[in-house]
Protein chains: 2
Amino acid sequence: MQRSSKKTSLGPPQKPAQKRATLKEVAKTAGVSLASASYALNGTGSLGEATRDHILQVADKLGYRQNLSARAMRTGKTGALGLVLPDLTNPFFPTLAQSVIQTARQRSYSVFVTDTEGSEELEIASIRLLVEHGVDGIVWFPVGDRNTAGTLLSGVPTVVIDRTIPGFESIQADYAGGGRLAAEHLVQAGHTSIGIISGPTDVLSMRQRCDAAASYIQQHGKLAYRVVNAFSTDLEPKVKEAIRSRAATAVFVGADLIALGVMQYAQSIKLKVPAQLSVIGFDDVPWAQMTSPALTTIDMPLGEMAAEAVAALLRRTDEQADLRRKIVFDTALVQRGSVQRPAKR
Amino acid sequence: MQRSSKKTSLGPPQKPAQKRATLKEVAKTAGVSLASASYALNGTGSLGEATRDHILQVADKLGYRQNLSARAMRTGKTGALGLVLPDLTNPFFPTLAQSVIQTARQRSYSVFVTDTEGSEELEIASIRLLVEHGVDGIVWFPVGDRNTAGTLLSGVPTVVIDRTIPGFESIQADYAGGGRLAAEHLVQAGHTSIGIISGPTDVLSMRQRCDAAASYIQQHGKLAYRVVNAFSTDLEPKVKEAIRSRAATAVFVGADLIALGVMQYAQSIKLKVPAQLSVIGFDDVPWAQMTSPALTTIDMPLGEMAAEAVAALLRRTDEQADLRRKIVFDTALVQRGSVQRPAKR
DNA sequence: CAGACGAACTTAAACGTTTCACTCTCTTCA
DNA sequence: TGAAGAGAGTGAAACGTTTAAGTTCGTCTG
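Notes on the structure in this doc start here. All residue numbers refer to positions counted from 1 along the written sequence of the respective chain. To read the labels, note that chains go from A and ligands from 1, taken in the order they are written. It should be noted that, the model being predicted, local features are given only for residues of pLDDT at least 70 and side-chain atom pairs only at 80 or more, the latter also being counted only at that level, while totals for whole chains, interfaces and linings use all residues. Note that the side-chain values use all heavy atoms of the structure and ignore hydrogens as well as water.

## As for the protein's contact with DNA strand C
Next, step 1: In the vicinity of DNA strand C lie 26 residues, with Leu23 and Arg74 of chain A together with Ser36, Gly48 and Thr51 of chain B positioned nearest.
Next, step 2: Near residues are defined by distance, with any heavy atom within 4 Å of the molecule or strand qualifying the residue. When the atoms of DNA strand C within 4 Å of the protein are grouped by moiety, sugar and phosphate amount to 53% of the total.
Next, step 3: Side-chain atoms alone can form a polar contact between residues adjacent in sequence; in general such a contact is a pair of N or O atoms within 3.5 Å, and within protein one must be able to donate a hydrogen while the other accepts it. Contact between DNA strand C and Arg74 of chain B: a base oxygen at 3.4 Å from a main-chain N or O atom of the residue.
Next, step 4: Runs of H or I in DSSP of at least four residues are treated as helices and runs of E of at least two as strands, each being numbered from the N terminus. Counting residues per element, the ones that place at least two in the surface near DNA strand C are helix H2 (34-42) and helix H4 (68-75) of chain A together with helix H2 (34-42) and helix H4 (68-75) of chain B.
Next, step 5: In the scheme used here, Gly and all other residues not listed as nonpolar or charged are polar, with Ala, Val, Leu, Ile, Met, Phe, Trp, Tyr, Cys and Pro taken as nonpolar and Asp, Glu, Lys and Arg as charged. Split by residue class, the surface near DNA strand C holds 12 nonpolar, 10 polar and four charged.

Right under this line is the structure:
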């Protein structure tokens with residue numbers, strides 16, 4: 001893949017640069033006071049209908065656009081929210097980000113999106129910057145469960161997604177329920193010997209999924225193995241070994257990304273999925289339906305969760321929130337092609 | 001997929017809300033003037049080393065954070081950029097967004113990300129809002145090639161990505177070159193009868209890819225068919241028909257997403273990819289390596305392009321830019337599993 | 001030793017809004 | 001007829017910074 005030359009060429013003409021009209025200018029050319037202009041544009045105060053219309057017309061003619069920085073100075077509200085994410089290219093964050101952005105827009109808020117690259121240091125820097133921008137609220141998907149940056153955001157309303165950080169309102173999916181759902185599905189398909197491949201266990205939500213699955217499996221059959229892999233399609237030796245051992249006819253994998261790696265590895269060693277190894281994932285990332293076989297997995301309503309996060313944030317502007325609150329969304333099984341009954345023995 | 005119940009439970013305690021210290025407070029408790037405090041924190045002006053250190057210490061102790069809105073009022077620079085995208089969940093935008101965010105951060109800028117949902121109306125609304133926020137620059141991936149919102153952003157430095165809109169500096173990949181590269185690869189693999197499945201043709205960059213491919217194919221073999229499909233994995237009847245006709249042993253598809261649909265459809269009618277139909281895509285979206293067979297495609301350096309866009313934007317702050325400039329990045333062939341020599345006849 | 005100069009620091013204006021408090025002019029009603 | 005009140009509008013302060021212009025004081029120079 002050779003590349004990276006950059007060519008430059010010339011295209012069509014220019015556009016004019018022009019200073020934006022201020023409210024004062026609108027007031028002056030409309031022949032009213034600054035206050036009246038402000039009242040007219042905000043629809044507040046008590047103005048005659050005629051004057052109001054006139055002012056609005058003038059504002060329109062001048063192409064007036066409000067200056068939110070100035071307004072923020074006076075009112076303390078910037079009309080901006082912050083979204084702090086570990087890694088935008090990780091396939092379930094775009095869904096989340098989109099939903100946050102859309103629900104924010106519906107309420108005329110803009111969203112600063114930051115990507116912390118999985119680093120707590122950058123997370124701190126990002127939050128610091130958001131605070132300096134004076135955001136009205138932050139939706140935070142922390143890198144880990146530790147409260148690294150929490151102290152920084154003095155007084156800024158914050159909702160944590162997916163993680164559990166003491167002192168913060170939190171939005172989560174029912175991870176334990178999802179893990180149980182997955183295990184149940186495998187058991188009902190007739191599997192009795194089931195393995196678990198977990199993602200990194202330093203995050204509570206991952207432990208919850210796998211613990212719930214494990215306990216269900218132990219009650220209804222045999223837990224063949226339980227191993228841990230990094231959050232990646234590359235499998236670690238002991239994980240490969242577990243798969244190769246064929247001790248299980250089905251595996252519950254804690255994350256779709258890893259599940260993909262599992263399917264690829266299985267197929268590479270001529271283990272048929274799902275005929276010889278059923279695989280069920282967790283997350284329902286967008287490409288889960290594009291693998292072959294399509295991945296059966298557990299979905300969580302990321303979009304709804306994000307929307308709820310924004311809603312919770314904006315609710316706070318008015319009432320005083322209960323920061324101890326924890327909102328949990330249901331997960332759901334989405335059945336595709338990577339699970340089937342085990343072969344007769 | 002039944003779901004959407006929401007449970008609420010209570011967790012741990014509170015955090016205190018506290019007003020941020022202002023520069024004036026720092027000045028007062030340090031026993032200096034407002035100006036000195038400002039100079040100290042910005043490292044400007046001429047202050048004695050002792051006073052400066054003292055002020056910084058006080059600021060630190062008070063947990064002082066600058067108020068960027070206020071600063072913006074005075075300086076006209078908000079330290080924010082805008083990124084306008086049609087659809088965050090479309091798989092190549094996250095890469096782009098991440099890169100914009102990262103390079104922006106390296107220069108201490110924050111990024112407002114907006115998702116216009118492919119609608120020109122929302123595009124206009126978004127840009128309007130960004131202007132009101134006073135962003136120092138906008139990276140714009142327009143919905144189409146029409147200059148819908150361009151007039152709104154009076155004076156705000158803007159760089160357009162991927163599209164061509166008169167009057168704007170533009171960053172593009174060498175789409176024609178990429179199309180040729182793809183055609184060349186198919187021809188070199190021995191194909192003589194090649195089809196083209198294009199994406200929506202209302203966008204210049206799509207026409208460029210396919211035109212270039214078509215003209216290369218016509219020079220070196222036979223253009224079996226050329227059909228158009230929406231930007232989706234669902235294929236339209238005439239596209240399916242073209243594939244079913246088996247008039248071509250290979251197809252160039254204008255977008256990876258559509259290419260995926262092509263592979264799925266081909267396999268569904270028992271056409272082996274690549275044995276009976278070689279497929280080459282365009283974009284190199286992240287999941288292109290996860291399909292089976294893995295998709296051979298044309299990559300464009302989205303990350304670099306995004307970084308360059310931000311750089312170009314920030315360059316403008318100082319010098320006066322040449323708005324007619326157009327920067328073109330090279331594309332590259334990335335060979336994977338979906339292309340092979342045609343079967344002997 | 002006068003004058004100039006530079007270093008260190010302060011004063012105050014300005015950026016574009018919002019909003020409280022106020023004024024003025026009519027109506028209305030007792 | 002006179003007071004009250006409502007309706008329509010204005011004046012000016014305040015938000016938290018930056019920065020040009022000014023002040024003070026000590027030191028250097030000729």
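## Points about the protein's contact with DNA strand D
Next, step 1: Close to DNA strand D lie 27 residues, the nearest being Ser36 and Gly48 of chain A together with Leu23, Ser38 and Arg74 of chain B.
Next, step 2: Among all atoms of DNA strand D positioned within 4 Å of the protein, those belonging to sugar or phosphate total 54%.
Next, step 3: Contact distances for DNA strand D include 2.8 Å between a phosphate oxygen and a side-chain N or O atom of Thr51 of chain A.
Next, step 4: Tyr64 of chain B is positioned with one of its side-chain polar atoms (N or O) 2.9 Å from a phosphate oxygen of DNA strand D.
Next, step 5: Residues that form the surface near DNA strand D fall into these classes: 12 nonpolar, 11 polar and four charged.

## Observations concerning the packing of helix H7 (residues 175-188) of chain A against helix H8 (residues 204-220) of chain A
Residues and elements named next belong to chain A.
Next, step 1: Only the stretch in contact is used when a helix axis is fitted, and all axes are lines through C-alpha atoms; the angle between N-to-C directions ranges over 0 to 180 degrees. In contact at an axis separation of 7 Å, H7 and H8 are set at 35° when each is read in the N-to-C sense. Here H7 runs over H8; the crossing is right-handed. When H7 is examined against H8, the residues Tyr175, Ala176, Gly179, Arg180, Ala183, Glu184 and Val187 are found in contact with a partner set consisting of Ser205, Gln208, Arg209, Ala212, Ala213, Tyr216, Ile217 and His220.
Next, step 2: For the contact of H7 with H8, the residue count by class is eight nonpolar, four polar and three charged. Take the far helix as your reference; a near helix turned counterclockwise from it by less than a right angle gives a left-handed crossing, and one turned clockwise gives a right-handed crossing. Any two residues whose heavy atoms approach within 4.5 Å at even a single point are treated as in contact.

## Considerations on the packing of aromatic side chains
Next, step 1: In this analysis, rings of Phe, Tyr and Trp, with Trp reduced to its six-membered ring, are considered paired at centre separations within 6.5 Å, and the interplanar angle assigns stacked below 30 degrees, edge-to-face beyond 60, and tilted for intermediate values. The tally for this structure, following the rule as stated, stands at 12 aromatic pairs over all chains.
Next, step 2: When the ring of Phe112 of chain A is compared with that of Phe112 of chain B, the centres are 3.8 Å apart and the planes differ by 15°; the resulting orientation is stacked. Here Phe112 of chain A, found in strand S3 (residues 110-115), pairs with Phe112 of chain B, found in strand S3 (residues 110-115), and the two come from separate chains.
Next, step 3: Relative accessible area decides the class of each residue, using a 1.4 Å probe on protein chains only: under 20% of the type maximum gives buried, over 50% gives exposed, and in between gives partly exposed. The class for Phe112 of chain A is buried, based on a relative accessible area of 2%.
Next, step 4: Ring pairs connect the aromatic residues Phe92, Phe93 and Phe141 of chain A, which therefore count as one cluster.

## Details of the pairing of strand S7 (residues 193-198) of chain B
Residues and elements named next belong to chain B.
Next, step 1: Taken across its six residues, S7 has six buried, putting it largely inside the fold.
Next, step 2: Between any two strands, pairing holds if DSSP finds at least two bridges. Note that S7 and strand S8 (residues 222-228) share six bridges and pair parallel. The residue bridging Ile197 from the neighbouring strand is Val227, located in S8.
Next, step 3: Relative to strand S9 (residues 250-253), S7 is paired through four bridges, and the arrangement is parallel. Pairing of Ile197 across the sheet is with Val253, part of S9.

## Details of the packing of H4 of chain A against H4 of chain B
Angle between the axes and distance between the axes: these two values describe a pair of packed helices.
Next, step 1: Viewed as axis vectors pointing N to C, H4 of chain A and H4 of chain B meet at an angle of 130°, and their least axial separation amounts to 8 Å. For the element pair H4 of chain A / H4 of chain B, the angle class is oblique. In this structure, H4 of chain A meets H4 of chain B at a crossing whose hand is left-handed. Across the interface between the two elements, Ser69, Ala70, Ala72 and Met73 of chain A of H4 of chain A pack against Ser69, Ala70, Ala72 and Met73 of chain B of H4 of chain B.
Next, step 2: Classifying every residue of the contact of H4 of chain A with H4 of chain B by side-chain character gives six nonpolar, two polar and no charged. When an angle is under 35 degrees it counts as roughly parallel; over 145 it counts as roughly antiparallel; between 65 and 115 it counts as roughly perpendicular; any other value is oblique.

## Looking at the sheet that holds strand S10 (residues 278-280) of chain B
Pairing between sheet strands relies on hydrogen bonds along the backbone, with the strands arranged either parallel or antiparallel.
All names here are of chain B.
Next, step 1: Strand order in the open sheet formed by four strands is S8-S7-S9-S10, with parallel pairing between adjacent strands. In the strand order of this sheet, the two ends are held by S8 and S10, each with one partner. Adjacent strand axes in the sheet meet at a mean angle of 20°, parallel and antiparallel pairs treated alike.
Next, step 2: Sitting on the sheet, helix H8 (residues 204-220) touches S7, S8 and S9, and the angle it makes with S8 is about 160°.
Next, step 3: In the packing of helix H9 (residues 237-245) onto the sheet, contacts are made with S7 and S8, and the angle to S8 comes to roughly 155°.

## Concerning the sheet that holds strand S10 (residues 278-280) of chain A
Residues and elements named next belong to chain A.
Next, step 1: Pairing in this open sheet of four strands is parallel, and the strands run S8-S7-S9-S10 from one edge to the other. Each end of this open sheet is capped by a strand with a single partner; those strands are strand S8 (222-228) and S10. Ignoring strand direction, the axes of neighbouring strands in this sheet form an average angle of 20°.
Next, step 2: Direction of pairing for strand S9 (residues 250-253) relative to S10: parallel, over a ladder of three bridges. Bridge pairing in S10 places Val251 opposite Val279.
Next, step 3: Relative to the sheet, helix H9 (residues 237-245) contacts strand S7 (193-198) and S8, its axis offset from that of S8 by approximately 155°.
Next, step 4: With respect to the sheet, helix H10 (residues 256-268) is in contact with S7, S9 and S10, its orientation differing from that of S9 by roughly 150°.

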